[in-house]
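# Fold and geometry: a report
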Amino acid sequence: MAASRSGVPASPHHHSRMPRVTIDTEALKANWRTLDALNGPARTGAAVKADGYGLGAVRVSQALFDAGCRDFFVAWAEEGVALRAGLDAAGLGDARIFVLQGVALDDVPACLEARLIPVLSNLAEIAAWCEGLERAGAKAPAALQFETGMNRLGLDAAEIPIVKAAQAGGALDVRLVMSHLASADEGTEQREAQRRQFLAICEYFPGVERSLANSAGSFLGPDYAFDLVRPGIALYGGRAGAPSDGKLEPVATLTAAVLQVRTAKAGEAAGYGAAAKLSRDTRIATVGLGYADGYPRAASGAGVPLRETRPGAVAFVAGHLAPVLGRVSMDLTLLDVTDVPAELVEPGTRAEFFGPNVAIDDVADAAGTIAYELLTGLGKRVALNYQS
Ligand SMILES: *Cc1c(COP(=O)(O)O)cnc(C)c1O
């Protein structure tokens, strides 16, 4: 089934020529199980913020719940409310939903209603949460995030006495203490320092669940797993930076249809700015996918600054790799299909832009970005299809 994320009607069948992402929910579950097995007794949660890394938070979470996941992380209370509604509608009641970006006073009623657990990262948020609980006459669990080296969100260790006072006051019921690794996938020095600092902070919260590791951290062994790991990108098949992340399966496949095939002569050019100068007679497949769909212009075959330092992206058509030719435009991308047997490429043929045959991280490398940005940047007119 295709889910439309815009006013554009999405075909429930596969007849639409529009771009689509196919999400392999079995691969998603397999990746969760792989990570879960790596970390023994620790619980394995899932980061499903930004609409499940672009893949549909509700459907992704339902699949992960089915695999055994019970701890979900979103960024905003609004995302948590939508996720709770989706899980409740599917009868999946006992999931914990953590809101990484905490709460403002106005968010508290919605958080309570949806049974969200705010991750409080500063004293103002703690005060807002406690006041909101008092106004509502409610009691509810919260999580705390501490700063250990990223200088992003988090309480400072020096604020622990104030936090303890709020706890003693009875309103603040801390169920999880967490921090976030800045360099889980590069170098050991900073992450070791963060781990030591985190351990010292956790001393003040005896018996409270602890969580430090994201995807890359999930590969670092028991020293980093604590009680709960919070992978995101690895679940979705992105590179997590560990040698053993090769066991993860691709989850998302972006495909788009060839609209026209034409042959241009050596010496001609193709696309905007005549950036692709053709050195041979070239068969060109024009595909209905562009930067408006989230396929980055920086992945162009020519005519963008990154091409001075690294090759452009490739797609996979009819069993062959085909380089992106010239500049990616808003709605269209050209592929050089000269080396693909002519009879295999015609209007309607779908090309894979990332998936099992074109690693999403290779596309990201070509575009000077990361798989996270490709997934979360998928355009509104890209339909999501779930396959199990
Ligand atoms: C996004 C996020 C994660 C998951 O990160 P990945 O690198 O995708 O595994 C974990 N923890 C926090 C605080 C996050 O913001």
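Residues numbered from 1 in each chain as written. Predicted model: local features only at pLDDT ≥ 70, side-chain atom pairs only at ≥ 80, totals over all residues. Heavy atoms only, no water.

With that settled, the discussion passes to the sheet that holds strand β9 (residues 173-178). The seven strands are arranged β4-β5-β6-β7-β8-β9-β10 in an open sheet whose pairing can be described as parallel. Looking at strand neighbours, the two that pair on one side only are β4 (46-47) and β10 (209-211), the edges of this open sheet. As defined by bridge partners, strand β8 (residues 141-145) adjoins β9 across five bridges and the pair is classed as parallel. If you follow Leu 144 over to β9, its bridge partner there is Val 177. Running at roughly 165° to strand β6 (residues 96-99), helix α4 (residues 77-89) makes contact with β5 (71-74), β6 and β7 (116-120) of the sheet. (Pairing = 2+ DSSP bridges. Helix = DSSP H or I, 4+ residues; strand = E, 2+ residues; numbered from the N terminus. Contact = heavy atoms within 4.5 Å. Axes fitted to C-alpha atoms, helices over the stretch in contact; angles between N-to-C directions.)

Attention now goes to the packing of helix α3 (residues 57-67) against α4. Here α3 crosses α4 at 50°, and the two axes come no closer than 9 Å. Considering the angle they form, α3 stands oblique to α4. Two packed elements cross with a definite hand, and for α3 against α4 that hand is right-handed. Touching Ala 57, Val 58, Ser 61 and Gln 62 of α3 are Ala 82, Leu 83, Gly 86 and Leu 87, all from α4. In the contact of α3 with α4, the residues fall into five nonpolar, three polar and no charged. (Parallel < 35°, antiparallel > 145°, perpendicular 65-115°, else oblique. Left-handed = near helix turned anticlockwise from the far one by under 90°. Nonpolar A, V, L, I, M, F, W, Y, C, P; charged D, E, K, R; others polar.)

Attention now goes to the UniProt feature "modified residue: N6-(pyridoxal phosphate)lysine" (unreviewed entry) in the protein chain. When the UniProt feature table is mapped onto this chain numbering, "modified residue: N6-(pyridoxal phosphate)lysine" (unreviewed entry) sits at Lys 49. Mapped onto the secondary structure, Lys 49 falls in helix α2 (residues 49-53). (UniProt positions renumbered as here; feature names shortened; annotations may be inferred.)

For the ligand, the set of nearby residues contains 14 residues, the closest of which are Lys 49, Tyr 53, Ser 215, Ile 233 and Tyr 372. Interatomic distance of 2.6 Å between a side-chain N/O atom of Lys 49 and an oxygen atom of the ligand. In the environment of the ligand, an oxygen atom lies 2.6 Å from a nitrogen or oxygen atom belonging to the side chain of Tyr 372. When the free accessible area of the ligand is taken as 390 Å², the share hidden by the protein chains comes to 92%. The cavity where the ligand resides is the largest pocket. Residue classes in the shell around the ligand are distributed as seven nonpolar, four polar and three charged. (Near = heavy atom within 4 Å. Polar contact = N/O pair within 3.5 Å; in protein donor to acceptor, adjacent residues only side chain to side chain. Areas by Shrake-Rupley, 256 points an atom, 1.4 Å probe, with all protein chains shown as cover. 1 Å grid on protein atoms, 1.4 Å probe; cavity = no way out; pocket = protein on both sides within 12 Å on 5 of 7 lines; lining within 4 Å. Sits in = over half its atoms within 2 Å of the grid points.)

Across the five residues that make up strand β20 (residues 383-387), a large majority, four, are buried. Across five bridges, strand β2 (residues 20-24) lies against β20 in parallel orientation. Counted as the bridge partner of Ile 23 is Tyr 386 from β20. (Buried < 20%, exposed > 50% of the residue type's maximum accessible area, 1.4 Å probe, protein only.)

Estimated volume of the largest pocket: approximately 940 Å³. Forming the walls of the largest pocket are 41 residues, and the residues nearest its centre are Lys 49, Arg 152, His 180, Asn 214 and Tyr 372. For the lining of the largest pocket, the secondary-structure elements that each account for two or more residues are α2, α9 (215-218), α11 (360-366) and α12 (371-376). Of the residues in the lining of the largest pocket, the class split is 20 nonpolar, 11 polar and 10 charged. Size it by volume and the second largest pocket reaches roughly 250 Å³. Along the walls of the second largest pocket sit 17 residues, with Gly 237, Gly 238, Arg 239, Ala 359 and Asp 361 positioned nearest its centre. (Points joined across faces, edges and corners; volume = space filled by probe spheres on them.)

What follows covers the state of the cysteines. Applying the stated criterion to the full structure yields zero disulfides. Counting only cysteine sulfurs, Cys 111 is the nearest neighbor of Cys 69, a cysteine outside any disulfide, at a range of 19 Å. Looking at the unpaired Cys 130, the closest cysteine sulfur is the one in Cys 111, lying at 13 Å. (Disulfide = S-S within 2.5 Å.)

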